[in-house]
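The primary structure of each chain is shown beneath.
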Amino acid sequence: MPDLSPTIDGTLEDIHSDFSGVNIETIAEDTAASVSLNNSTTTMKVQWVNTSNIAVQPAQTVMEFDTSDISDAPESATLKIYPESSQNSGVDFYVVRTFLTSDGSIVAGDNPSWTRSSAGGTPDVNNITKYSSEIDYSEDITEDELNSITLNSTALSDMASRDKFQISLVCDFLVDQSLGGVTDGITRKFTISSQDHSTTAQRPVLSYTEAAAPRTQGNLHIVGGTHTIIGSNIVIK
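What counts, and where the lines are drawn
Residues numbered from 1 in each chain as written. Predicted model: local features only at pLDDT ≥ 70, side-chain atom pairs only at ≥ 80, totals over all residues. Heavy atoms only, no water. Helix = DSSP H or I, 4+ residues; strand = E, 2+ residues; numbered from the N terminus. Buried < 20%, exposed > 50% of the residue type's maximum accessible area, 1.4 Å probe, protein only. Contact = heavy atoms within 4.5 Å. Areas by Shrake-Rupley, 256 points an atom, 1.4 Å probe, with all protein chains shown as cover. Core = buried A, V, L, I, M, F, W, Y, C linked by side-chain atoms within 4.5 Å. Salt bridge = Lys/Arg side-chain N within 4 Å of Asp/Glu carboxyl O. Phe/Tyr/Trp six-rings, centres within 6.5 Å; stacked < 30°, edge-to-face > 60°. Pairing = 2+ DSSP bridges. Polar contact = N/O pair within 3.5 Å; in protein donor to acceptor, adjacent residues only side chain to side chain.

## A few points about the overall build of the chain
No. 1: The helix and strand inventory of the chain stands at 4 helices and 14 strands.
No. 2: In the chain, buried positions account for 44% of the 237 residues.
No. 3: When contacts within the chain are restricted to residue pairs at least 6 apart in sequence, those whose partners lie at least 24 apart make up 80%.
No. 4: For the chain, the accessible surface area stands at approximately 12,000 Å², while carbon and sulfur atoms represent 45% of it.

What follows is the structure in structure tokens.
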């Protein structure tokens, strides 16, 4: 089972000062809000922060893996992450398809990269493509150890078709376009180790099982001896 390390990773954090005046779709597609990018620290985060229904501050983790050597969709794949800490039981999230503006780098304008259908394309929530089922942080995640998240068939196909496999970890409020709990004033977040973490075993990993090699046709050679076929039929073409 080959393992891939991120070629880049980081956190994009978006700040809206007037949440009451914008809807959640606008936040997901936003390219112009005040965005901070952090791609050099030892940790990354996923969060949803809402303060008295005045300001909202979501953050997502972005990763890129070099899958140029994968020509056939793997049989299976898992994203392995190491959660270090959380606040208010963390936040539920998905792994979703991402298109960065340019391969090999993350820029502030990539805040809505998980709502694009192509590199640099126009953000639209109708483009959201889930690579995993919803991950319930309090039930599915164990802190201070490596956790494996199973990726779906869409992700497996994209690993073969894209030389740079780009993903984001985004809170369920944004992905599902659900207003439940987003205006309660509670900060929900969690942090995971990044590729810059000093402990190698805590860094993110994309593990996959290679596609089975196809069976090749050939000739059947029977050399001497006695061969008995019991029941059924044998067809020679």
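## Points about the nonpolar core
No. 1: Counting residues in each nonpolar core, the largest one holds 44 residues, and the members touching the most others are Phe 93 and Leu 169.
No. 2: At 5 residues, strand E12 (residues 164-171) tops the list of elements feeding residues into this core.
No. 3: Counting residues in each nonpolar core, the second largest holds 5 residues, with Ile 8, Leu 12, Val 62 and Leu 100 among its members.

## A few points about unusual backbone geometry
No. 1: Positive phi, close to 65 degrees, is recorded for Ser 89, a residue that is not glycine.
No. 2: Its location among the elements puts Ser 89 in the loop between strand E9 (83-87) and strand E10 (93-97).
No. 3: The exposure class of Ser 89 is exposed, given its relative accessible area of 52%.
No. 4: In the Ramachandran plot, Asp 144 falls in the positive-phi region, its phi being about 65 degrees despite a non-glycine side chain.
No. 5: By relative accessible area, which is 51% here, Asp 144 ends up exposed.

## A closer look at the pattern of salt bridges
No. 1: All chains considered together, the criterion is met by 5 salt bridges.
No. 2: We note a salt bridge from Glu 13 to Lys 45, for which the minimum N-O separation is 3.0 Å. Of this pair, Glu 13 sits in strand E2 (residues 8-15) while Lys 45 sits in strand E4 (residues 43-48); the two residues are 32 residues apart in sequence, bridging distant segments of the chain.
No. 3: For the salt bridge of Asp 110 with Arg 116, the shortest nitrogen-to-oxygen distance reads 2.9 Å.

## With respect to the packing of aromatic side chains
No. 1: Using the criterion set out here, one finds 4 aromatic pairs in the structure.
No. 2: Look at Trp 48 and Phe 173: their rings are 5.8 Å apart centre to centre, the planes differ by 70 degrees, and that puts the pair in the edge-to-face class. Highlighted residues: Trp 48 in strand E4 and Phe 173 in helix H4 (residues 172-175), separated in sequence by 125 residues.
No. 3: Its relative accessible area of 9% is what places Phe 173 among the buried residues.

## Digging into the pairing of strand E13 (residues 188-193)
No. 1: In terms of burial, E13 is a largely internal element, 5 of the 6 residues being buried.
No. 2: With 4 bridges joining them, E9 and E13 adopt antiparallel strand pairing. Bridge pairing in E13 places Ser 85 opposite Thr 191.

## Remarks on helix H3 (residues 153-161)
No. 1: Among all positions of H3, only Ala 155, Leu 156, Asp 158, Met 159 and Ala 160 are buried.
No. 2: Next to the buried residues of H3 lie strand E8 (76-81), E10, E12 and strand E14 (205-209).
No. 3: Between a side-chain oxygen at the N-terminus of H3 and the backbone nitrogen of Thr 154 the separation is 3.2 Å; the capping residue is Asn 152.

## Comments concerning the environment of Asn 147
No. 1: Here Asn 147 shows up in strand E11 (residues 147-150).
No. 2: For Asn 147, a relative accessible area of 6% translates into the label buried.
No. 3: Excluding its chain neighbours within four sequence positions, the residues that come into contact with Asn 147 are Leu 79, Lys 80, Ile 81, Pro 83, Asp 140, Ile 141 and Thr 142.
No. 4: Here the side chain of Asn 147 touches Thr 142 through a polar contact of 2.7 Å, landing on its backbone oxygen.
No. 5: Here the side chain of Asn 147 touches Glu 145 through a polar contact of 2.7 Å, landing on its backbone oxygen.

## Focus on the sheet that holds E11
No. 1: One open sheet accounts for 4 strands, arranged E1-E14-E8-E11; its pairing is antiparallel. Edge positions in the sheet fall to strand E1 (3-4) and E11, since each of these pairs with one other strand and no more.
No. 2: For E1 and E14, the ladder comprises 2 bridges, and the chain directions are antiparallel. Residue pairing in the sheet places Leu 4 in a bridge with Leu 206 of E14.

## Quick notes on the environment of Ser 161
No. 1: If you trace the backbone, Ser 161 turns up in helix H3.
No. 2: A sequence separation of 91 residues divides Ser 161 from Ile 70, and the C-alpha atoms of the two residues are 8.1 Å apart.

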